[in-house]
Amino acid sequence: IPEPIEVMVKKGAFEITKNTIFSSNDIHTQKCSFFIQKYLKQYFNKSLGNEEKKSNKIELLIDTSEVIHGADSYELTVATENVLIKGNSEKGLFY
């Protein structure tokens, strides 16, 4: 399991509710989104939507324009309004 290079703890929390949605930018992020949604449903009985909105969302993004911290790496940002999981590859996003 990959370990974080850096962790910054801030105040607040993101809560997954019945109104939380997933947002993804291409077919690769959609595959990860479906996997996470299936996992949340199976183990936590949480069902999430896929519509677009600005808050209460988990956004998955593959961004190859910058190398975050090496090949297949990711960056996780959690705020009270949303969660952003950004990877520089499909593998990075999945892990």
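1. Examining the pattern of salt bridges
Phase 1 of the analysis: Scanning all chains against the criterion turns up two salt bridges.
Phase 2 of the analysis: Lysine 31 is paired through a salt bridge with glutamate 90; the nearest N and O atoms lie 3.4 Å apart. Taken together, the residues span a long stretch of sequence, with lysine 31 in helix H1 (residues 27-44) and glutamate 90 in helix H2 (residues 90-94) at a distance of 59 residues.
Phase 3 of the analysis: Among the ionic pairs, lysine 57 bridges to glutamate 59, the shortest N-O distance being 3.9 Å.
Phase 4 of the analysis: Take glutamate 59: its relative accessible area is 26%, and that puts it in the partly exposed class.

2. Quick word on unusual backbone geometry
Phase 1 of the analysis: A positive phi angle, near 55°, is found at asparagine 45, a position not held by glycine.
Phase 2 of the analysis: By secondary structure assignment, the location of asparagine 45 is in the loop between H1 and strand S2 (57-62).

The rules behind the values
- Residues numbered from 1 in each chain as written.
- Predicted model: local features only at pLDDT ≥ 70, side-chain atom pairs only at ≥ 80, totals over all residues.
- Heavy atoms only, no water.
- Salt bridge = Lys/Arg side-chain N within 4 Å of Asp/Glu carboxyl O.
- Helix = DSSP H or I, 4+ residues; strand = E, 2+ residues; numbered from the N terminus.
- Buried < 20%, exposed > 50% of the residue type's maximum accessible area, 1.4 Å probe, protein only.

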